[in-house]
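Next come the chains, spelled out residue by residue.
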Amino acid sequence: MKLKRPALLLTAGLLLRLGITTLAWAGPPDNLRACWNQQAKPMQTQYVSFPYRETLAKLEHSFQPWQQTAYTGAGRVWTNATGFAKSDTLRKGAATYFSQTQFTGATLLFQDYGDKELSSVTTAAFQEYAVQAARYAPGLLIQHFYGRHIAPDPESTPALTVYKATVNRVLVRLFIRTADNQLSKVTSLHHDELFGDVTTTYSYRDYARLGKLVYPRTIVIESINGKLTDTVTIGAAAVAATAPVLLTAPAGYALAPETAAKPETTVEQFRPRLHLLNLKHTDDRVLVVEFDTFLLVAEAPLNSENGELIIGAARRIAPGKPIRYFVAGHYHPHYLGGVRPFVHKGATVLTTAADLPYVQYLAAAPHTLQPDSLQRQPRPLRTEEIVNRKTIAEGAFRMEIYVIGSQSQHTNDYLIYYFPTEKILFQDDLVWIAKQGEPRKASARQAGLYHAVLALGLDVQTIVQSWPVRDYGVKTIIPFSELQESMSVK
Ligand SMILES: [Zn+2]
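Each chain carries its own residue numbering, running from 1 in the written order of its sequence. Whole-chain, interface and lining totals are the exception, using all residues; otherwise, since this is a predicted model, local features are given only for residues with pLDDT of at least 70 and side-chain atom pairs are given and counted only at 80 or more.

### Brief notes about the overall build of the protein
Right, so step 1: Of the regular secondary structure elements, the protein holds 12 helices and 25 strands.
Right, so step 2: Taken along its principal axes, the extent of the C-alpha atoms in the protein is 90 × 50 × 40 Å. Put simply, DSSP H or I for four residues or longer makes a helix, DSSP E for two residues or longer makes a strand, and each gets a number counted from the N terminus.

Structure follows, in structure tokens:
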């Protein structure tokens, strides 16, 4: 490749002399050096410092799918071509959280919002930090591309020259305007265990000048394929000789290796037709209901790997019985995150009107970076909407699924499962009764479940909870009498 480029240029020059003006075949122009000259070169020996304000939208464990939690933030950044320091606060309502970051070519130190201690930082987070910093300043990324002599990509257009490189696990594209050699936008593509291929777009606007440095004053960040939009507004920048030492590494500090928890599953036959699958690595309990001729699986945490793991375990529990139904008690990732392999197996996903578009999004989301079974072999999504209740019965055995929705005081889609012959109620995460100590007053969720059970007239003896299983010191096989008791505690 290195030999080819001068040869191409020579040919282009020859064509020019011959009066042929179309040079499209010679490839896009190379604007990276001119961009680096104005956006990174002036920061080789000095820092630039600026205040900023930001809006930050997050998907949390909210009431309904895609519901955003809105934060506002403010802080100050010190950055040069290879280093970045940030001191800032985030606000949500009346709560304020403080955080600090110190990135150098050698390490990344991070004190998370609301924490006093340094967080553990992985090698991958360190290697990919230039992408994170692009939210406030794109200089580190421009330096990264320039230092590696990245060539223009064939995706370039007359208006924008595109540069593409993989920064550790993230595929990053820089879009440089050919008109003024300013960075117009950056896109990063990475794998998300829930959403699959996820693109974040950073758009740079309102460029200003500080000496020879050109820097953007407005950065718009669209994350999760455009579902969330944040804005960072940069204040007046000033030259700084150095960056302050915001954080120092304690003795023996090192970046942590990327370690995924080793999958560990145990099976427990809880009642003749009710099998509990304990996923130790996610602290979840999955329910496999065995009917005469088929299975129903309830809950699959976090990702497709867990979905596959559960399908394998279900096959060992009842060889030959197909998984006819998959159901998740609500849309949070610990229950619905592993849905895709069930779609691949042809199971009918039982869901509510509130969640149907979300289930469709998860089933259709491309997973090209880390293909799962559904990506490798697409299958149509089969769903059945539960309006108020659904009964699944074979012979004398019966399972009743009830929509309690917002009565749960947790989400608007909430389902609970009742087994009349066993007097057992299975639900996800509503009951929090401590293993030890005096009974405490029922939480809003707990009271919500209690009132729902009463309103439905269900004769419940035992409640089985899906999450948490070991963590938080709470009971997860709960006599109904204890839920009742918690209702009378003042
Ligand atoms: Zn939840």
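### Here we look at the sheet that holds strand 13 (residues 265–271)
Right, so step 1: Pairing within the open sheet is mixed, and its seven strands lie in the order 13-14-15-16-17-18-19. What marks the edges here is a single partner per strand, and that holds for strand 13 and strand 19 (382–385). Ignoring strand direction, the axes of neighbouring strands in this sheet form an average angle of 25°.
Right, so step 2: Between any two strands, at least two bridges found by DSSP are needed for them to pair. Pairing of strand 14 (residues 274–279) with strand 15 (residues 284–290) involves six bridges; the strand directions are antiparallel. Its bridge partner lying in strand 15, Leu277 is registered against Val286. What counts as an axis is a line fitted to C-alpha atoms, over the stretch in contact for a helix, and the angles between N-to-C directions run from 0 to 180 degrees.

### Observations concerning the packing of helix 11 (residues 444–456) against helix 12 (residues 480–488)
Relative placement of two packed helices is described by the angle separating their axes and the distance separating the axes.
Right, so step 1: Contact pair helix 11 / helix 12: the axes reach a minimum separation of 10 Å and the direction vectors enclose 115°. For the element pair helix 11 and helix 12, the recorded crossing hand is left-handed. For the pair helix 11 and helix 12, the contacting residues are Gln446, Ala447 and Tyr450 in the first and Leu483, Ser486 and Met487 in the second. Put simply, a crossing is left-handed when the front helix is turned counterclockwise from the back one by less than a right angle, and right-handed when it is turned clockwise. For every residue pair, C-beta atoms are placed from the backbone, and the pair is scored as a contact if these atoms sit within 7 Å.

### A look at the sheet that holds strand 25 (residues 477–479)
Right, so step 1: Pairing within the open sheet is mixed, and its six strands lie in the order 20-21-22-23-24-25. Strand pairing shows two members of the sheet lacking a second neighbour, strand 20 (389–394) and strand 25, which therefore form its edges. When strand polarity is set aside, the average angle formed by the axes of neighbouring strands in this sheet is 20°.
Right, so step 2: Examined bridge by bridge, strand 24 (residues 462–465) and strand 25 share three bridges and lie antiparallel to one another. Note on strand 25: the bridge partner recorded for Ile463 is Ile478.
Right, so step 3: Relative to strand 25, helix 12 is tilted by about 65°, and along the sheet it contacts strand 24 and strand 25.

### Observations concerning the pairing of strand 23 (residues 424–427)
Right, so step 1: Whether a residue is buried, exposed or partly exposed follows from its count of other C-beta atoms within 10 Å of its own C-beta, namely 20 or more, 12 or fewer, or something in between, respectively; the C-beta atoms are built from the backbone. Going residue by residue along strand 23, you find Ile424 and Phe426 tucked away on one face and Leu425 and Gln427 tucked away on the opposite face as well.
Right, so step 2: Relative to strand 23, strand 22 (residues 415–419) runs antiparallel, the two being bridged by three bridges. Pairing of Tyr417 across the sheet is with Phe426, part of strand 23.
Right, so step 3: Strand direction decides the pairing type here: strand 23 and strand 24, joined by four bridges, are parallel. By the bridge assignment for strand 24, Ile424 is matched with Thr462.
Right, so step 4: Crossover handedness is defined here as right-handed if the route from the first strand over the helix to the second strand goes clockwise, with the strands pointing away from the viewer. Each parallel crossover has a hand, and for strand 23 linked through helix 11 to strand 24 it is right-handed.

### Quick notes on the environment of Phe103
Right, so step 1: Mapped onto the elements, Phe103 comes out in strand 4 (residues 95–103).
Right, so step 2: Note: C-alpha distance between Phe103 and Ser188 (85 residues apart in sequence) is 20 Å.

### So, the environment of Val469
Right, so step 1: By the element assignment, Val469 lies in the loop between strand 24 and strand 25.
Right, so step 2: By the C-beta count within 10 Å, which is 18 here, Val469 ends up partly exposed.
Right, so step 3: Put simply, Val469 and Thr157 are 312 residues apart on the chain and 54 Å apart in space, counted from C-alpha to C-alpha.

### Some thoughts on the domain arrangement of the protein
Many authors give the size of an interface as the accessible area that is lost as the parts come together.
Right, so step 1: When its domains are assigned, the protein resolves into domain 1 (28–240) and domain 2 (265–488).
Right, so step 2: Each domain's limits were defined by an automated method or a database of domain assignments. For domain 1 and domain 2, the distance between their C-alpha centres works out to 39 Å.
Right, so step 3: With 10 residues of domain 1 at the contact, the number on the domain 2 side is 17 residues.
Right, so step 4: For the side of domain 1 that touches domain 2, the residue count by class is four nonpolar, four polar and two charged. Following the grouping adopted for this structure description, the nonpolar residues are Ala, Val, Leu, Ile, Met, Phe, Trp, Tyr, Cys and Pro, the charged ones are Asp, Glu, Lys and Arg, and the polar ones are all others, Gly among them.

### Considerations on the packing of helix 2 (residues 32–39) against helix 5 (residues 139–147)
Right, so step 1: Their axes nearest at 10 Å, the elements helix 2 and helix 5 cross at an angle of 140°. The orientation of helix 2 relative to helix 5 falls into the category oblique. Crossing handedness for the pair helix 2 and helix 5: left-handed. Here Leu32, Cys35, Trp36 and Gln39 of helix 2 come into contact with helix 5, specifically with Gly139, Ile142, Phe145 and Tyr146.
Right, so step 2: The residue makeup of the contact of helix 2 with helix 5, split by class, is six nonpolar, two polar and no charged. In these notes the angle categories are as follows: under 35 degrees is roughly parallel, over 145 is roughly antiparallel, 65 to 115 is roughly perpendicular, and the rest is oblique.

### Observations regarding the nonpolar core
Right, so step 1: Judged by nonpolar contacts, the single largest core of 61 residues is most densely connected at Val286, Val297, Ala298, Phe326, Val327, Val339 and Phe342.
Right, so step 2: With five residues, the top contributor of residues to this core is strand 22.
Right, so step 3: Among residues more than four places away in sequence, those in contact with Phe326 are Val297, Val339, Phe342, Ala347 and Val349.
Right, so step 4: Counting residues in hydrophobic clusters, the runner-up holds 46 residues, among them Ala85, Phe110, Val131 and Ile219. Connectivity within a nonpolar core runs through C-beta atoms within 7 Å, and the core itself is a set of buried Ala, Val, Leu, Ile, Met, Phe, Trp, Tyr and Cys residues.

### Describing unusual backbone geometry
Right, so step 1: Here the amide bond leading from Trp467 into Pro468 is cis, since omega sits at -10°, within 30 degrees of zero.
Right, so step 2: Position of Pro468 among the secondary structure elements: in the loop between strand 24 and strand 25.
Right, so step 3: Even without glycine at this site, Trp66 takes up a positive phi of about 65°.
Right, so step 4: On the secondary structure map, Trp66 appears in the loop between strand 1 (47–59) and strand 2 (68–79).
Right, so step 5: On the neighbour-count criterion, Trp66 (13 C-beta atoms within 10 Å) is partly exposed.

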